[in-house]
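Coordinate analysis (summary)
The chain contents come next:
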Amino acid sequence: MPELPEVETTRRGVEPHCVGHRVRRVIVREPRLRWPVPEQLACVLPGQVITAVERRAKYLLFRTAAGSLLVHLGMSGSLRMVAPDAPLRRHDHIDVLLEGGVCLRYHDPRRFGCFLWSAAGELHPLLENLGPEPLSREFDGQHLYYRSRRRKGPIKNFIMDGKVVVGVGNIYANEALFQSGIRPDRAAGRVSQARYERLAENIKQVLTTAIEHGGTTLRDFVGGDGRPGYFAQQLFVYGRSGQPCKRCGCPLRELRLGQRSSVYCVTCQH
DNA sequence: CGCTGACCCTGACGGC
DNA sequence: TGCCGTCAGGGTCAGC
């Protein structure tokens, strides 16, 4: 999946095909996702007009008068618009058929994603306790600095904690730390406010650039319109363990933090 | 409250 | 060719 740029690219891809359209039918072929797909969905959604497609963290929210369809793509999920008679591939788990003859199709080999329902006026529990959006004004160096005091865990885990800030996945956490010259295993509480200012700017910059590039660094990602995101993002560290640092030439090193690979340059990052 | 590790699943890839 | 272990973009949850 999709890091935040891929989710945003998906949102932009499907939005124009969904907004203003009425749902005709929901077909759930495989309900066993991260959480079981509620049976309620197939009853509640048909007849509803999709009024907006929004994103909060890496969740996509399809708004209707009755409530919201909450979709997460997990590690391997994708959503695309297809013709209703488009041939099914393996792992095409859900179809949301719209009036006007289009179909929103959910594909997810690993089934770590979810399709959930949230009634109108209710905030889904999964969306409670989420930190600010990384591209919002509320998210800045001061926020990171204050939230990090007395935290002993690695800064990389800290910026990937959704209660601190949402949408910073493994790839962009590695990249933003490299751009900021901070080692991923440094204790979060031992980074100055000045460095957090830089880090917040770099997180914004890295995510913004990725979104502009259509979101992908990943081979199997397919945008909402079904076309792969074109430009492979210029990655400085992620996936480059052992290769020379693009800035100083030293071989990049790798370590594991929270069961996720972290690549960094011993010379450029402290 | 903060942190660690287990866990949910399939598929791709490397080594033998 | 095949089998086996390892790893992969995410996030929640239990337990200390």
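Residues numbered from 1 in each chain as written. Chains lettered and ligands numbered in written order. Predicted model: local features only at pLDDT ≥ 70, side-chain atom pairs only at ≥ 80, totals over all residues. Heavy atoms only, no water.

**Section: the state of the cysteines**
For the structure shown, the criterion picks out zero disulfides. Its sulfur unpaired, C250 is 3.6 Å from the next cysteine sulfur, which belongs to C248. For C250, a relative accessible area of 24% gives the class partly exposed. (Disulfide = S-S within 2.5 Å. Buried < 20%, exposed > 50% of the residue type's maximum accessible area, 1.4 Å probe, protein only.)

**A look at helix α6 (residues 193-212)**
Between its first and last C-alpha, α6 extends 29 Å over 20 residues, near the 28 Å set by a 1.5 Å rise per residue. Residues of α6 that are buried include every one of Y196, L199, A200, N202, I203, K204, V206, L207, A210 and I211, and no others. Packed against the buried residues of α6 are α1 (4-18), α3 (141-148), α4 (155-159) and α5 (170-180). Remark: G214 follows α6 within two positions and exhibits a positive phi of approximately 85°. (Helix = DSSP H or I, 4+ residues; strand = E, 2+ residues; numbered from the N terminus. Expected span 1.5 Å × (residues − 1). Contact = heavy atoms within 4.5 Å.)

**Brief notes about the environment of V44**
As for its placement among the helices and strands, V44 is situated in helix α2 (residues 40-44). With a relative accessible area of 24%, V44 lands in the partly exposed category. Measuring from C-alpha to C-alpha, the distance between V44 and R24 comes to 11 Å, with 20 residues separating the pair along the chain. Apart from the residues lying within four places of it in its own chain, the contact partners of V44 are A66 and W117.

**What to know about the domain arrangement of chain A**
On domain assignment, one finds that chain A holds domain 1 (4-127) and domain 2 (141-264). Taken over C-alpha atoms, the centre of domain 1 sits 28 Å from the centre of domain 2. (Domains from an automatic or database assignment.)

**Concerning α1**
Under the 1.5 Å per step criterion, the end-to-end length of α1 is 20 Å for 15 residues, consistent within 8% with the ideal 21 Å. Among the 15 residues of α1, 11 are classified as buried, and the element is accordingly described as predominantly covered. Residues of α1 that are buried include every one of L4, P5, E6, V7, E8, T9, T10, R11, G13, V14 and C18, and no others. Positive phi appears at G20, one or two residues downstream of α1, with a value of about 90°.

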